[in-house]
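Tertiary structure, described
In case you want the letters, here they are:
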Amino acid sequence: MNHVLIVDDDADSAATMRELVGVDRFSVAVAHTLRDARRQMAMQPPSLVLLDLQLPDGNGMDLFGDQQVPQDSQIVLVTGHASLDSSIEALRRGAMDYLVKPVGIGRLEDILSRFLIPTAGLPETGTSTVTGAAFDQITPQDRPGAGYCAQEGRFGRLWGGSAPMQRLYQQMERVAGTSVTVFLTGESGTGKEVVAQTLHELSQRRSRPFLAVNCGAISPHLIESEIFGHEKGSFTGADRQHQGFFERAATGTLFLDEITEMSMELQVKLLRVLETGRFMRVGSTQTLQTDVRVIAATNRCPYEAVASGKLREDLLYRLNVFPIELPPLRERLTDVPLLAQHFMDAISQREGQAKQFTASALKQLAQYSWPGNVRELRNAVQRAYVMEPGPLVSQEWLPRPPVAIAQHPAAHSLHLPQMPHMPQAGSMPMSAPVSAPLTAPIPPTITAHAPADHAHAAATYDLPDTEPATIQLPIGMTMAQAERLLIQATLKQCKYQKERTAAVLGISLKTLYNRLRDYAGGKKGETDAEHG
């Protein structure tokens, strides 16, 4: 029989915890101080320690790393004073999990159930998860999926061998075998859902459902019903009972993407589920128990989302138990050739015609900044596969890095005279070098003077058909007008190849199309006004 040690200075709380643990399943001991806890451990090494944070003779954190604590003992932090810092610090020191008082019976049972099965095996069913120590005992061959090879540039569904990805793999390996809530952050296209799927597949819940929900893609009027379900007749059109995601993902993993797009009212209910493990369907008065591991994600900065009213602060603390930040692709460009070839192999297998990148093509891909991250790379590979008729994909249909255009003999520099006041207008990243103070000479490639009517400035500065090496912007032109001139000049410089133009400007292809559409609409509007 496994032994549980409860360390809590509150006698009533310790007694309640003892009853919840159940003396018929475990042998239970209680300690009210750190000194008493060390004495109890010496007498009988516990399998599980339920540890309070604040004790009369010290902080519960002091037990982590204590030589008197048996190495096989698992520690769960139990506290009524939970904070983001304390929970993360406990997990980093090796805590198996953490509970917030008053302790929910469902969450406690989930933890206790792990000690009612052999810890060295990996049964395919059951609601429990492998503890950190047991997970370390599993060989790579036993882990689910043939792709558990971090040293070879692959980890489950993830590809990449760079230092940022190795750090990511270490975090994932540490947390995968627990039931701890994970909060994924990162730019759009970095692969947050892929990480969530990999965590699920490396957990003991892998034979159970994995449901991914984009909170921003569901109507605000329907999202509560979709997540929690509803009863028949609870609202107009509810002609039958409906199971929500929490019921359908029972004993599995629920991935809540774009969590900051969820309404504040629904965030309160989600927080309640995470704290108690219980919820109610819409239109019901009965609470239901749930056993679901939650992985949340957002492409916003969580703290900025809290400041702007998009995310509740208490929900952030509850989700941010184990935060993982995904690196953007521009910070791991050494992984681009591996990823690109992986995508090429996948589409080749799907389409039935094998194609490969040339060495120069892979080199060019690794020099591009990829503002759309892995999603943009995958789309670029698919586009190149379609456009290239032969078996070797060259550089022709791939996005070119800004430096490749800037080094072209006909495109060297952009001279911007300084403006005394910068208008408040939307700006755009520019990769071309900006130079020349107010008194610096400007190459007379395009001679231009500030027009009297600034509303028609962009129309006045139409670029010639030849390819100029530079463009000159006059003092007094607005940022919007300067942006338009730069886009038009770069488009002509790139021979109207929009993908290369977007690459040079450092913007997405969608942004370029939107700008060109706006410019076309503006010209049409001016023409209509003149004829009106």
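These notes cover the structure that comes with them.

We now examine the sheet that holds strand β6 (residues 74-79). Taken together, the five strands give an open sheet; going across it, the order is β2-β1-β3-β6-β7, and neighbouring strands pair in parallel fashion. This sheet does not close on itself; its edge strands, each paired only once, are β2 (27-31) and β7 (97-100). Across the sheet, the mean angle from the axis of one strand to that of its neighbour is 20°, orientation sign disregarded. By the bridge criterion, four bridges tie β6 to β7 in an arrangement that is parallel. Bridged to L77 within β7 is Y98. Of the strands in this sheet, β3 (48-52), β6 and β7 are in contact with helix α4 (residues 105-113), which crosses β7 at around 155°.

This paragraph deals with the packing of aromatic side chains. Enumeration according to the criterion identifies five aromatic pairs in this entry. Taking the centre distance of 4.9 Å and the plane angle of 10° together, the rings of F155 and Y169 count as stacked. With a gap of 14 residues between them, F155 in strand β9 (residues 154-155) and Y169 in helix α6 (residues 163-176) connect regions that are remote in the sequence. Per residue, the accessibility class of F155 equals that of Y169, and both read buried. An aromatic cluster is built from F228, F246 and F279, whose rings are joined through pairwise contacts. Just above the ring of Y385 sits the side chain of K355; from NZ or CZ to the centre is 4.3 Å.

Turning to the environment of L516, a few remarks are in order. Along the chain, L516 turns up in helix α20 (residues 509-531). Sequence separation between L516 and I487 is 29 residues, and the spatial gap between their C-alpha atoms is 8.5 Å. For L516, the contacting residues outside a window of four places in its chain are I487, L491 and K498.

This part covers the pattern of salt bridges. A complete count under the given rule lists 13 salt bridges for this structure. When the shortest N-O distance is used, the salt bridge between R157 and E201 registers 2.7 Å. With R157 in the loop between β9 and β10 (158-159) and E201 in helix α7 (residues 192-201), this pair connects stretches of sequence that are 44 residues apart. Looking at R157, the relative accessible area reads 42%, which means it is partly exposed.

Definitions and limits used
- Residues numbered from 1 in each chain as written.
- Predicted model: local features only at pLDDT ≥ 70, side-chain atom pairs only at ≥ 80, totals over all residues.
- Heavy atoms only, no water.
- Pairing = 2+ DSSP bridges.
- Helix = DSSP H or I, 4+ residues; strand = E, 2+ residues; numbered from the N terminus.
- Axes fitted to C-alpha atoms, helices over the stretch in contact; angles between N-to-C directions.
- Contact = heavy atoms within 4.5 Å.
- Phe/Tyr/Trp six-rings, centres within 6.5 Å; stacked < 30°, edge-to-face > 60°.
- Buried < 20%, exposed > 50% of the residue type's maximum accessible area, 1.4 Å probe, protein only.
- Lys NZ or Arg CZ within 6 Å of the ring centre and 35° of its normal.
- Salt bridge = Lys/Arg side-chain N within 4 Å of Asp/Glu carboxyl O.

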